[in-house]
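# Observations on chain architecture
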Amino acid sequence: MRTLLPGLLAGTLALAAAAHAQPSDITVSLAWTRAVGATAPTAVGYLTLRNRGANPDRLISAETPAARAVEIHEQRREEGVMRMRPLPDGVPVPPGETVTLGPGGTHLMLVGPTRALARGERVPLTLHFERAGQVHVELSVEAAGTRQPAHAGH
Amino acid sequence: MLRWIRRVAWGSVAVLGFLVLAISAGWFVTDGPLADRPVATGPASLPIGGPFRLIDHRGRAVTEADFRGRPMTVFFGFTQCPDVCPTTLGDMTALIEALGPEADRLHWLFVSVDWERDTPETMAGYLEAYDRRIVGLSGTEAHVAAAARAFRIYYRRVPLKDGGYTMDHSASVFLLDAAGRFAGTIDHQESHAVALEKLRGLLTSQ
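These numbers were taken from a predicted model, which means no experiment stands behind them. (Residues numbered from 1 in each chain as written. Chains lettered and ligands numbered in written order. Predicted model: local features only at pLDDT ≥ 70, side-chain atom pairs only at ≥ 80, totals over all residues.)

Residue and element names in this part refer to chain B. Its 16 residues place the ends of helix H2 (residues 84–99) 23 Å apart at the C-alpha level, agreeing with the 22 Å of an ideal helix rising 1.5 Å per residue. With twelve of 16 residues buried, H2 lies mostly within the body of the structure. Val84, Cys85, Pro86, Thr87, Thr88, Leu89, Gly90, Met92, Thr93, Ala94, Leu95 and Ile96 are the residues of H2 that are buried. Within two residues after H2, glycine 100 carries a phi angle of roughly 65°, on the positive side. (Helix = DSSP H or I, 4+ residues; strand = E, 2+ residues; numbered from the N terminus. Expected span 1.5 Å × (residues − 1). Buried ≥ 20, exposed ≤ 12 C-beta atoms within 10 Å, placed from the backbone.)

Structure follows, in structure tokens:
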């Protein structure tokens, strides 16, 4: 009993923590990428993040079995010059707000795709948030030239 | 009193007449019959586009002379560029599709400013997802610098904290006529319809 009680308590606490960390506050929509060949050095990831909770959250990292690494980048255009920089602190998602990672702006860079990404397939991607923890999504692979995914109205 | 009214009336007629003249003259030279062809977005005398020596993505050594005789679209980028360069290459592919057989009357060039990482093989792998008519060009540090100078392109290697690097580069797509003279640009933010109009103008002016 003496060993059981702390165990039970710890278990309950862990459960409560897990319930608290449910990713329900963050919803991800419009997760898509563009088709690339098998030897392409990079691919892209675009997403729309919505924070329905009352607390600020932050996308801190991501990973996928389809690429060696995933980096979060911002893209700026200054006086006709394109500048891309890593975002070491990730992407803040303030409470009640929607943040879009899309063409010409903040995006995920899939470094070293491990295979070709063919139009129509789906690529699993795990997002790590500061509060919401892990969120699993699938990127739908659109044609190489896509500026907006076909299901943008969804 | 009457004299004053008359003066004001004639004055108004003069102002109105001047406005009508000015507006119609303005229309004649900007949108009317005296207007320039819509393809050029800068003065045609701009010294953009000059000699270069590079390697295409099939491994062949090429110079600007290999691309004379047809108008050319050219833009500078690099393959470790997941967002902007694929967007531009995708736009190019969409324009090639929209032009249909006419697209064969143009050269479509993508020049890498990343001399260290972008070998012909890397360029070939990167271009696989786009229209096969787009030719990738890369080269040594000195040859890339010379090509960038010829096109008045800005680019810079930017070291990153993780030990790697990225490249800053000018965004424009340049248009050259069949003789290699500057004939305008397509901006990243322009619509597909505007870009298509510029390319058709470039083809009919040949």
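What follows concerns the interface of chain B and chain A. Tallying the contact residues gives 26 residues for chain B and 27 residues for chain A. Every element with two or more residues in the side of chain B that touches chain A is listed here: H2, helix H3 (120–127) and strand E7 (165–170) of chain B. Sort the elements by how many residues they give to the side of chain B that touches chain A and H2(B) lands first, with seven residues. Split into classes, the residues belonging to the side of chain B that touches chain A amount to eleven nonpolar, eleven polar and four charged. Relative to E7(B), strand E5 (residues 81–86) of chain A is paired through two bridges, and the arrangement is antiparallel. Of the residues in E7(B), the one forming a bridge with A:Met82 is B:His169. (Contact = placed C-beta atoms within 7 Å. Nonpolar A, V, L, I, M, F, W, Y, C, P; charged D, E, K, R; others polar. Pairing = 2+ DSSP bridges.)

Residue and element names in this part refer to chain B. Here we have seven strands laid out as an open sheet, ordered E2-E1-E5-E4-E3-E8-E9, and mixed in their pairing. With one partner strand each, in any of the chains shown, strand E2 (61–63) and strand E9 (182–186) form the two edges of the open sheet. Ignoring strand direction, the axes of neighbouring strands in this sheet form an average angle of 35°. Of the strand pairs in this sheet, strand E1 (residues 53–56) and E2 are connected by three bridges, and their pairing is antiparallel. (Axes fitted to C-alpha atoms, helices over the stretch in contact; angles between N-to-C directions.)

This part takes up the UniProt feature "binding site: Cu cation" (unreviewed entry) in chain B. Residue and element names in this part refer to chain B. UniProt's feature table lists "binding site: Cu cation" (unreviewed entry) at Cys81, Cys85 and His169, given in the numbering used throughout. For the annotated residues, spread through 89 residues, the largest C-alpha to C-alpha distance comes to 10.7 Å, consistent with a single compact locus. Along the chain, the position of cysteine 81 falls in the loop between strand E3 (72–77) and H2. Looking at cysteine 81, the number of C-beta atoms within 10 Å reads 27, which means it is buried. Looking at the secondary structure, you find cysteine 85 in helix H2. Cysteine 85 has contacts with Gly77 and Phe78, leaving out every residue within four places of it along the chain. (UniProt positions renumbered as here; feature names shortened; annotations may be inferred.)

The subject of this paragraph is the nonpolar core. The biggest cluster of nonpolar side chains holds 80 residues, and the ones touching the most others in it are B:Val74, B:Leu109, B:Val111 and B:Phe174. It is H2(B) that contributes the most residues to this core, seven residues altogether. (Core = buried A, V, L, I, M, F, W, Y, C linked by C-beta atoms within 7 Å.)

This brings us to the environment of A:Tyr46. Residues and elements named next belong to chain A. Structurally, tyrosine 46 is set in strand E2 (residues 42–51). A count of 23 C-beta atoms within 10 Å places tyrosine 46 in the buried class. Sequence separation of tyrosine 46 and glycine 96 is 50 residues, and the distance between their C-alpha atoms is 20 Å. Setting aside anything within four residues of it in sequence, one finds tyrosine 46 in contact with Trp32, Thr33, Leu101, Gly102, Pro103 and His107.

This next bit is on the packing of H2(B) against helix H5 (residues 192–204) of chain B. All names here are of chain B. Between H2 and H5, the shortest axis-to-axis distance is 10 Å and the interhelical angle comes to 60°. Between H2 and H5, the angle is such that the two are oblique. Crossing hand, H2 versus H5: right-handed. Contacts between H2 and H5 involve Ala94, Leu95, Ala98 and Leu99 from the former and His192, Ala195, Leu196 and Leu199 from the latter. Among the residues forming the contact of H2 with H5, the class breakdown is seven nonpolar, one polar and no charged. (Parallel < 35°, antiparallel > 145°, perpendicular 65-115°, else oblique. Left-handed = near helix turned anticlockwise from the far one by under 90°.)

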